[in-house]
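Tertiary structure, described
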Amino acid sequence: MVSSGTLEALGVGADFQEKLKQFWFKNNLKLDIPVIDLQHIWLVFLIMELENEILSSAAGPFPEEKIRKIMGDLLSFAAEHFSLEEDLFLAFEVPDSADHGEKHRHFVQFLSERASEVKEGKYDSVKILISFLKDWLTMHIQKDDKQYADFYRDNSTNLKQY
């Protein structure tokens, strides 16, 4: 997990840090691949930021501008993260990488569709999306990503250059 000092430097408050850490450790998301773990933490952060915006808007107007920005950040960062994972798969000839990449593409497509719905004013999509994102990311890391992490470990793959 990233240090509290790093999270503070990113403008993440203490309460939010605690929620982020609890989610991370409760769901056992650490792969022991620093660059991937750091990116996963950022994806969890964006999902939780999206959730916080929805929860804080319960009594007021829907924060469409903020939601669209976070969803855009989430979409672009997910694509960047998946690209790194898939580059590593190619570089180290990870088995079943095509299936893994297909899961990434489905995820990005689903997220893009929900972002379009928000642009159309269908705000209930965001509430559904948050639950989906948490579940999908957790299951994807625990099952699919752990497979390639095991492959790298079992083959003594040196990922320090990344």
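Residues numbered from 1 in each chain as written. Predicted model: local features only at pLDDT ≥ 70, side-chain atom pairs only at ≥ 80, totals over all residues. Heavy atoms only, no water.

A few words now on the overall build of the protein. Per the secondary structure count, the protein includes six helices and zero strands. Reading the protein from its N terminus to its C terminus gives the helix and strand order α-α-α-α-α-α. Relative to the compact-globule value of 15 Å for 162 residues, the protein shows a C-alpha radius of gyration of 16 Å, a close match. When the backbone C-alpha atoms are referred to their principal axes, the protein occupies close to 55 × 35 × 25 Å. (Helix = DSSP H or I, 4+ residues; strand = E, 2+ residues; numbered from the N terminus. Rg over C-alpha atoms; globule rule 2.2 N^0.38 Å.)

Our next topic: the nonpolar core. Judged by nonpolar contacts, the single largest core of 45 residues is most densely connected at L50 and M71. Secondary structure elements with two or more residues in this core: α2 (14-26), α3 (34-56), α4 (64-92), α5 (97-119) and α6 (124-154). It is α4 that contributes the most residues to this core, 11 residues altogether. Among residues more than four places away in sequence, those in contact with L50 are I67, I70, M71, V126, L129, I130 and L133. (Core = buried A, V, L, I, M, F, W, Y, C linked by side-chain atoms within 4.5 Å. Buried < 20%, exposed > 50% of the residue type's maximum accessible area, 1.4 Å probe, protein only. Contact = heavy atoms within 4.5 Å.)

Another point: empty space enclosed by the protein. Per the counting criterion, the structure on display carries one cavity of 30 Å³ or more. Volume-wise, the largest cavity comes out at about 40 Å³. Lining the largest cavity, in full, are L43, I47, L74, F82, F107 and L137. When grouped by side-chain class, the residues that make up the lining of the largest cavity number six nonpolar, no polar and no charged. (1 Å grid on protein atoms, 1.4 Å probe; cavity = no way out; pocket = protein on both sides within 12 Å on 5 of 7 lines; lining within 4 Å. Points joined across faces, edges and corners; volume = space filled by probe spheres on them. Nonpolar A, V, L, I, M, F, W, Y, C, P; charged D, E, K, R; others polar.)

Considering all chains together, one arrives at 13 salt bridges under this definition. With a shortest N-O distance of 3.6 Å, E102 and R105 are connected by a salt bridge. Within this pair, E102 and its partner R105 are both found in helix α5, separated by three residues, close to a single helical turn. Residue classification places E102 among the partly exposed positions, given a relative accessible area of 37%. Where salt bridges share partners, they join E86, E102 and R105 into one cluster. (Salt bridge = Lys/Arg side-chain N within 4 Å of Asp/Glu carboxyl O.)

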